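# Summary of the model geometry
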Amino acid sequence: MNPDVEQTARTLVTAATEATTIPELGSVISRQIAELVPHDGYMLRGVDPITGAACFLTKEHGYAADFYRELESAEILGHGQHTLTALVGRGRPVAVLASDPPDRRHRVRHQEIMNTIDVGSEMRVALTLKGMTWGLLVLLRARGSRPFSTADAVNADRLAGPMAEALKQYVAGRFLRPVRSAPPPGIVVIDGSDTIRAVTRTGHEWVSKLVQDAETADESEIFAHVWNIALMARQPGRQALSRIPGPDGWIVLEAQRLDDSDLGGVAVTIQSASSDVLLPAAAVLYGITSREQEVIRRALDGLAVKQIARSLNLSLHTVNDHFKAIYRKTGVNSREELLSSLSR
């Protein structure tokens, strides 16, 4: 690895762990890679590593929410050669797109969007780590600037893993806990033409937690995640669930098709994430084993160590070793702290 790339990779992960918000995380990644891959704007899209559903978006001088919806639609429907899924599937995490001259590898509509905001060159970087996908970084250069080059793509390729590690470490640094003092679950009903037909009062409260500046954001930005998870629910075999790391705790979006399934109606539930939803994420983020998850589940049910040992046919010593391993991996100091963190 190029010494400059190696140094950037080291400082990138360290700086990301010190970020306190998702917009700050995006800014940190952008600043850290700017010398090796200069750019004028970016979009950082995080995904639930288990379901592949979008879980956050932050940007600076990037595309509007309408483009984000198109990007997500292409991702979910399997359209386009440069979606996150396509990049990962090809084993080449970086793709460069140009608006002029016309590039047949991406859709005309995308070219129109690039031209509208004077984007001359775009680079997409899949953020994967050890076979797990964590997000997509879209870098932009203005029309008139030098287009992204092969050398830029090589640097981005070398930094893709460290950027994925930085994203993972940021998320892992916010221990898995549900939102405290949360309102009741909210419901958003969307019809087959993606028109919002009904939103409960608490639905409005929850949706506002999904964007950084709800007061100034338009409807496309506010409901972007809701539309995307609804589209995912319409696809056979897809788990329409996304775990979202919010500033006050973890939120879960889950979509189900309505009985009028032929019409494409979907109900999206938004609520504080339960321990059942968070434990699979803990396995990915902290390396919690299946046996350790069983220990946690029984502890959440109120079982004492002796009862946990009996129910799992383990010794007291082994159960206590499991607890110690869980504390070490997650950074908590006691059973009480662990259970308090995971309980609503």
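Preceding this section is the structure that the text describes.
In this text the structure is predicted, and so the values were computed from the model without any measurement.

Another aspect to go through is the overall build of the protein chain. Regarding its fold elements, the protein chain presents 14 helices and 10 strands. Taken over C-alpha atoms, the radius of gyration comes to 21 Å for the protein chain, in line with the 20 Å a tight globule of 344 residues would show. With the principal axes as the frame, the protein chain shows a C-alpha extent of 70 × 55 × 35 Å. Expressed as a percentage of its 344 residues, the buried residues of the protein chain come to 51%.

This part takes up helix α12 (residues 305–312). Of the positions making up α12, those classed as buried are I308, A309 and L312. One side of α12 carries all its buried residues, which in axial view fall inside an arc of 100°. In α12, the exposed positions that point more than 90 degrees away from the buried face belong to K306 and R310. Turning to α12, the residues buried within the fold contact α11 (290–300), α13 (316–330) and α14 (335–342). Looking one or two residues past α12, N313 carries a phi angle of roughly 55°, positive in sign.

Let's shift gears to the environment of Q235. Inspection of the secondary structure puts Q235 in the loop between α9 (224–233) and β8 (241–246). Excluding its chain neighbours within four sequence positions, the residues that come into contact with Q235 are I76 and L77. Here L231 takes part through its backbone oxygen, which lies 3.0 Å from a polar atom of the side chain of Q235.

Right, let's talk about the packing of aromatic side chains for a bit. Per the stated rule, a full pass over the model turns up 2 aromatic pairs. Across the ring face of W206, the terminal group of K209 is positioned such that the distance to the ring centre comes to 5.9 Å.

Checked against the element boundaries, V5 lands in helix α1 (residues 3–17). Between the C-alpha atoms of V5 and R234, which are 229 residues apart in sequence, the distance is 42 Å. Ignoring anything within four residues of it in the chain, the contact list for V5 reads L36, N155, R158 and L159.

For the rest of this paragraph, the subject is helix α7 (residues 201–208). What α7 keeps buried is the set T202, G203, W206 and V207. Angular distribution of buried residues about the axis of α7 spans 140°; they occupy a single face of the element. Packed against the buried residues of α7 are β6 (186–190), β7 (196–199), α8 (219–222), α9, β9 (249–257) and β10 (266–272).

When the charged atoms of two side chains lie near each other, side chains of opposite charge can form a pair. This model, assessed by the stated rule, comprises 12 salt bridges. Between R45 and E72 there is a salt bridge, and its shortest N-O distance comes to 2.0 Å. Taken together, the residues R45 in strand β1 (residues 41–47) and E72 in helix α3 (residues 65–77) connect sequence positions 27 residues apart. For the pair formed by R45 and E72, the shared burial category is buried. A salt bridge links D194 to R234; its shortest N-O distance comes to 3.3 Å. Residue D194 is found in the loop between β6 and β7, and its partner R234 is found in the loop between α9 and β8; the two are separated by 40 residues along the sequence. Classification of D194 by relative accessible area gives partly exposed; the value is 22%. Relative accessible area serves as the criterion here: at 16%, R234 is assigned to the buried category. When salt bridges that share partners are traced, they join R141, R146 and D152 into one network.

To continue, consider the sheet that holds strand β2 (residues 54–60). As summarised here, the arrangement of the 5 strands in space is β2-β1-β5-β4-β3, forming an open sheet in which the pairing is antiparallel. Unpaired on one side and paired on the other, β2 and β3 (94–98) mark the two borders of the sheet. Going across the sheet, the axis of each strand differs from the next one's by a mean of 15°, ignoring polarity. Where β1 lies against strand β5 (residues 132–142), 6 bridges are found, and the strand directions are antiparallel. In the sheet register, M43 faces β5, and the bridge partner there is V138.

Right, let's get into unusual backbone geometry. The phi angle at H61 is positive, at roughly 50°, despite the residue not being glycine. One can find H61 in the loop between β2 and α3. In this structure, D194 is a non-glycine residue whose phi angle is positive, near 70°.

Quick notes on the rules
Residues numbered from 1 in each chain as written. Predicted model: local features only at pLDDT ≥ 70, side-chain atom pairs only at ≥ 80, totals over all residues. Heavy atoms only, no water. Helix = DSSP H or I, 4+ residues; strand = E, 2+ residues; numbered from the N terminus. Rg over C-alpha atoms; globule rule 2.2 N^0.38 Å. Buried < 20%, exposed > 50% of the residue type's maximum accessible area, 1.4 Å probe, protein only. Arc of directions from axis to C-beta. Contact = heavy atoms within 4.5 Å. Polar contact = N/O pair within 3.5 Å; in protein donor to acceptor, adjacent residues only side chain to side chain. Phe/Tyr/Trp six-rings, centres within 6.5 Å; stacked < 30°, edge-to-face > 60°. Lys NZ or Arg CZ within 6 Å of the ring centre and 35° of its normal. Salt bridge = Lys/Arg side-chain N within 4 Å of Asp/Glu carboxyl O. Pairing = 2+ DSSP bridges. Axes fitted to C-alpha atoms, helices over the stretch in contact; angles between N-to-C directions.

Function cannot be inferred from these measures alone, as they are strictly geometric.
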